[in-house]
Amino acid sequence: MYYFCTYFDHRYLSRGLALYYSLRKHCSSFKLFILCLSQECYEILKQRKELENVLLLQLNEIENGDEELLKAKQNRSLIEYYFTITPSFILYILNNFNEVDFLTYLDADLYFFSDPEPIFEEIGNSSIVITPHRFPPRLKHFEKFGVYNVSWLSFRKDENGLKCLRWYRERCNEWCYDRVEDDKFADQKYLEKFELLFEKVHVIQHKGANVAPWNIENYKLTIMDSKIYVDNQPLIFYHFHGLRKFTSFLYDSGFAAYGSKFTRIIRNNIYLPYVRELKRIEENLNFRSKEPLGRSILSKYFPSILANLPRLIRALYSNSYFFYP
């Protein structure tokens, strides 16, 4: 049994559910703890009868009695507070669920394309697991935001793992802002201290883990037996960071931010299946807006396009956009 946790609010609901469904498809035995960051998110998810192996938690459950976390909540933005919560949420589960001996946090915009078992085999008996960004040489300047990425974090319920997690929680409560300052950035730059301060820290080596717009140019992608391979290793999970919907049919992959090439194999075999899943979920949840009959295409989509015009121009110029009918 593998134990995972993630968090999201109602605005990220379809992505969080896509993560769950991808786990259900590819991981034979797991339990997923979902921290609902808004009441609307919780109310919707608790009605979903098909969410097997899921335990829903509300934000007030994590906050109650945690004066340090509540103090931090008063001096940062909402997204910065979400970053701050990461170690507190992980520690809450390890402290309150006796059966959980090894817990993996996952970002809600991840999606599994194959079984995560090879990653767990690689981890072995490590106490702490972190995931590298793997920036190519031309993007090394992005390491100012972190050599490692808060996408997959694992902690074992042993002395070393808990010691690290408590240290991480204290640092995030002290400082966790959406800016680079004194070798800090959000909840991410702290990960670089793990190997220096603690033992049994493992850095994931599998090339199919955390493939993303910022590192995908490192690899040769191929399709074999309808599966995606990354330098001959199976793609395990992809990080859909920066994906943006302009209209119901026009999307920005986010590749322009990194100058990466949005190739046909990436579009057809990674992004289109994911968007198809998001649309399926949104339609099932009745998220599609009810537009009045006879409304013109221009009046329907112009406000969204206008609001995102600079990004749209960049996406069109860099050929990092795509359509989904």
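The rules behind each value
Residues numbered from 1 in each chain as written. Predicted model: local features only at pLDDT ≥ 70, side-chain atom pairs only at ≥ 80, totals over all residues. Heavy atoms only, no water. Helix = DSSP H or I, 4+ residues; strand = E, 2+ residues; numbered from the N terminus. Buried < 20%, exposed > 50% of the residue type's maximum accessible area, 1.4 Å probe, protein only. Contact = heavy atoms within 4.5 Å. Areas by Shrake-Rupley, 256 points an atom, 1.4 Å probe, with all protein chains shown as cover. Core = buried A, V, L, I, M, F, W, Y, C linked by side-chain atoms within 4.5 Å. pLDDT = per-residue confidence, 0-100. Expected span 1.5 Å × (residues − 1). Bend = angle between axes of the 7 residues up to and from the residue. Axes fitted to C-alpha atoms, helices over the stretch in contact; angles between N-to-C directions. Left-handed = near helix turned anticlockwise from the far one by under 90°. Nonpolar A, V, L, I, M, F, W, Y, C, P; charged D, E, K, R; others polar. Pairing = 2+ DSSP bridges. Right-handed = clockwise from strand over helix to strand, strands pointing away.

Asker: If you had to explain the overall build of the protein to someone new, which residues and values would you point to?
Answerer: Scanning the protein from terminus to terminus reveals 11 helices and 18 strands. Counting only residues that meet the buried cut, the protein has 56% of its 325 residues in that class. In the protein, 76% of the contacts between residues at least 6 apart in sequence involve partners at least 24 apart. Of the roughly 15,400 Å² that the protein leaves accessible, carbon and sulfur atoms contribute 51%.

Asker: So, the nonpolar core: which residues are in play, and what are the values?
Answerer: Core analysis: the largest hydrophobic core is formed by 56 residues, its most contacted members being Phe4, Leu45, Trp152, Tyr238, Phe240, Ile270 and Tyr271. Contact partners of Ile270, with chain neighbours within four places excluded, come to Phe113, Ile216, Leu221, Ile228, Leu235, Tyr238, Phe240 and Ile265. The next biggest cluster of nonpolar side chains, apart from the first, holds 44 residues, and it includes Tyr81, Phe97, Cys164 and Trp175.

Asker: I'd love a proper account of the confidence of the model for the protein, names of residues and values included.
Answerer: Put simply, the protein has an average pLDDT of 90, and 88% of its residues get 70 or more. Counted against residues more than four places away or in other chains, residues 288–302, with its pLDDT under 50, gives 9 contacts.

Asker: Go over the side chain of His239, please, and point to the residues and values.
Answerer: Within the secondary structure layout, His239 lies in strand β15 (residues 237–239). The contacts of His239, once residues within four sequence positions are left out, are Asp107, Asp109, Leu110, Asn149, Ser151, Asn210, Val211, Ala212, Pro213 and Trp214.

Asker: Explain helix α5 (residues 78–96) to me, using residue names and the numbers behind them.
Answerer: Note on helix geometry: an α-helix contains 3.6 residues per turn, so any two residues three or four positions apart are oriented the same way. Between its first and last C-alpha, α5 extends 26 Å over 19 residues, near the 27 Å set by a 1.5 Å rise per residue. Of all the bends in α5, the largest measures some 35 degrees and sits at Thr86, one to four residues before the proline Pro87. In terms of burial, α5 is a largely internal element, 14 of the 19 residues being buried.

Asker: Outline the packing of α5 against helix α7 (residues 159–174), listing residues and values.
Answerer: Contact geometry for α5 and α7: axes closest at 8 Å, N-to-C directions at 145 degrees. Crossing of α5 against α7: the hand is left-handed. Contact residues: Thr84, Thr86, Pro87, Ser88, Ile90, Leu91 and Leu94 in α5; Leu162, Leu165, Arg166, Tyr168, Arg169, Cys172 and Asn173 in α7. Considering only residue class, the contact of α5 with α7 consists of 8 nonpolar, 4 polar and 2 charged.

Asker: Provide a residue-level description of helix α9 (residues 264–284), including the pertinent values.
Answerer: Here α9 spans 29 Å end to end across 21 residues, near enough to the 30 Å set by a 1.5 Å rise per residue. Within α9 the residues assigned to the buried category are Ile266, Ile270, Tyr271, Leu272, Tyr274, Val275, Glu277, Leu278, Lys279, Ile281 and Glu282. In the stretch just after α9, Asn286 is the one whose phi turns positive, near 60 degrees.

Asker: Account for unusual backbone geometry, with residues named and values stated.
Answerer: In this structure, Asn210 is a non-glycine residue whose phi angle is positive, near 60 degrees. Mapped onto the fold, Asn210 is located in strand β11 (residues 209–211). Its identity as a non-glycine residue notwithstanding, Ser226 has a phi of 65 degrees, on the positive side. Within the secondary structure, Ser226 is located in the loop between β12 (221–224) and β13 (227–230). Residue classification places Ser226 among the exposed residues on the basis of a relative accessible area of 74%.

Asker: Describe the sheet that holds β12, listing the residues and the values that go with them.
Answerer: Reading across the sheet, the 3 strands line up as β12-β13-β14 and stay open at both edges, with antiparallel pairing between neighbours. Looking at which strands have only one partner, the edges of the open sheet turn out to be β12 and β14 (233–234). Across 2 bridges, the pairing between β13 and β14 is antiparallel. The residue of β14 that forms the bridge with Val230 is Gln233.

Asker: So what about the pairing of strand β1 (residues 2–8)? Which residues, and what values?
Answerer: Regular strands have side chains that alternate between both faces of the sheet. Most of β1 sits out of view: 6 of its 7 residues are buried. In this structure, β1 lies alongside strand β2 (residues 30–36), joined through 7 bridges in parallel fashion. The partner of Phe8 across the bridge, within β2, is Cys36. With helix α1 (residues 13–26) bridging β1 and its parallel neighbour β2, the resulting β-α-β unit is right-handed. Taken together, the 3 bridges between β1 and strand β4 (residues 102–106) define a ladder with parallel strand orientation. The residue bridging Tyr3 from the neighbouring strand is Leu103, located in β4.

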